[in-house]
Amino acid sequence: MNLIFAGLIFVLMDINNQFGTITINLLPSFDILPDFLGYLLIALGLRTTADKSICFKKVRPYIRAAGVYTLLLYALDFWEITDRLGALGLFAHLIATILTLYTTYLIGLGLNDLEDARFCVLRAYAVYEAWRALMISRVAAYAYQLLVIYPPHLPEVFVLEFALISTLCTLYFLFRFGQARHRYYRFIR
């Protein structure tokens, strides 16, 4: 479960080397915590928990596919190809976000299965509620970004606010999952 949690940090947190218009080391903007490494950590963590929940088994092929897809996307981002694609690049990132939301949803269902099978309280419902907030914030942020690009061309003034709300929802989800992880080691392991 620790590897799954570490992988979720890599997958959900978008920390890059760019601060406004200043770029560290004169490199192109890239994610310091690459998603594909997070998916690798999650896949390794699911090896130990797959026998405890059918949802953990079900998510494994999606984790592999998401890992390969985000590796490709990371390479395209590093060479700034997705930036030049405009809305198509945004769509490529939207697919990665959909994969992330679906895989995190299945991991949350796996926690719920563990609660039911082991008759313990991991607070999987709290993780699910945090996941819903995460999902709504990410979908709203992408919808607003599309409305900035396409007519009616909304002002970009709220992009930062949407990013902040999405980051807070991500931290809340990680906090709730971290609590469930601690309870997992107390009651199940």
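Located above this text is the structure these notes cover.
(A) Local environment of unusual backbone geometry. Here F119, not a glycine, exhibits a phi torsion of approximately 50°, which is positive. Tracing the sequence through the fold places F119 in the loop between helix 5 (87-118) and helix 6 (124-149). Of note, the phi angle at R123 is positive, near 65°, even though the residue is not glycine. With respect to the helices and strands, R123 occurs in the loop between helix 5 and helix 6. Given the relative accessible area of 42%, R123 is considered partly exposed.

(B) Seen up close, the packing of helix 5 against helix 6. The N-to-C vectors of helix 5 and helix 6 enclose an angle of 170°; their axes lie 10 Å apart at closest approach. With respect to their mutual orientation, helix 5 and helix 6 come out roughly antiparallel. On helix 6, the residues touching L90, H93, L94, T97, L101, T104, Y105, G108, L111, N112 and E115 of helix 5 are A124, V127, Y128, W131, L134, M135, R138, Y142, Q145, L146 and I149.

(C) Spatial organisation of the packing of helix 1 (residues 2-12) against helix 2 (residues 35-49). Between helix 1 and helix 2, the least distance of the axes is 7 Å, while the angle of their chain directions is 160°. Viewed along their axes, helix 1 and helix 2 adopt a mutual orientation that is roughly antiparallel. In this structure, helix 1 meets helix 2 at a crossing whose hand is left-handed. Taking contact as the criterion, the partners of L3, I4, A6, G7, L8, F10 and V11 in helix 1 are, on helix 2, D35, L37, G38, Y39, L41, I42, L44, G45, L46 and T49. Of the residues contributing to the contact of helix 1 with helix 2, the split by class is 12 nonpolar, four polar and one charged.

(D) Structural detail: the nonpolar core. With 34 residues, the main nonpolar core has L8, L111 and F177 as its most contacted residues. Going through the elements one at a time, helix 1, helix 2, helix 3 (54-78), helix 5, helix 6 and helix 7 (159-187) are the ones with two or more residues in this core. Sorting elements by how many residues they give to this core places helix 5 first, with six residues. Setting aside chain neighbours within four positions, we find F177 in contact with M1, I4, F5, L8, I107, L111 and V127.

(E) A look at the layout of surface pockets. Reported here for the largest pocket is a volume of approximately 1700 Å³. Lining the largest pocket are 41 residues, and of these D14, N16, H93, Y142 and Q145 lie nearest its centre. Breaking the lining of the largest pocket down by element, the ones donating at least two residues are helix 1, helix 3, helix 4 (81-84), helix 5, helix 6 and helix 7. Ranked by residue count, the leading element in the lining of the largest pocket is helix 7, at eight residues. In terms of residue class, the lining of the largest pocket is built from 18 nonpolar, 15 polar and eight charged.

Thresholds, definitions, all that
Residues numbered from 1 in each chain as written. Predicted model: local features only at pLDDT ≥ 70, side-chain atom pairs only at ≥ 80, totals over all residues. Heavy atoms only, no water. Helix = DSSP H or I, 4+ residues; strand = E, 2+ residues; numbered from the N terminus. Buried < 20%, exposed > 50% of the residue type's maximum accessible area, 1.4 Å probe, protein only. Axes fitted to C-alpha atoms, helices over the stretch in contact; angles between N-to-C directions. Parallel < 35°, antiparallel > 145°, perpendicular 65-115°, else oblique. Contact = heavy atoms within 4.5 Å. Left-handed = near helix turned anticlockwise from the far one by under 90°. Nonpolar A, V, L, I, M, F, W, Y, C, P; charged D, E, K, R; others polar. Core = buried A, V, L, I, M, F, W, Y, C linked by side-chain atoms within 4.5 Å. 1 Å grid on protein atoms, 1.4 Å probe; cavity = no way out; pocket = protein on both sides within 12 Å on 5 of 7 lines; lining within 4 Å. Points joined across faces, edges and corners; volume = space filled by probe spheres on them.

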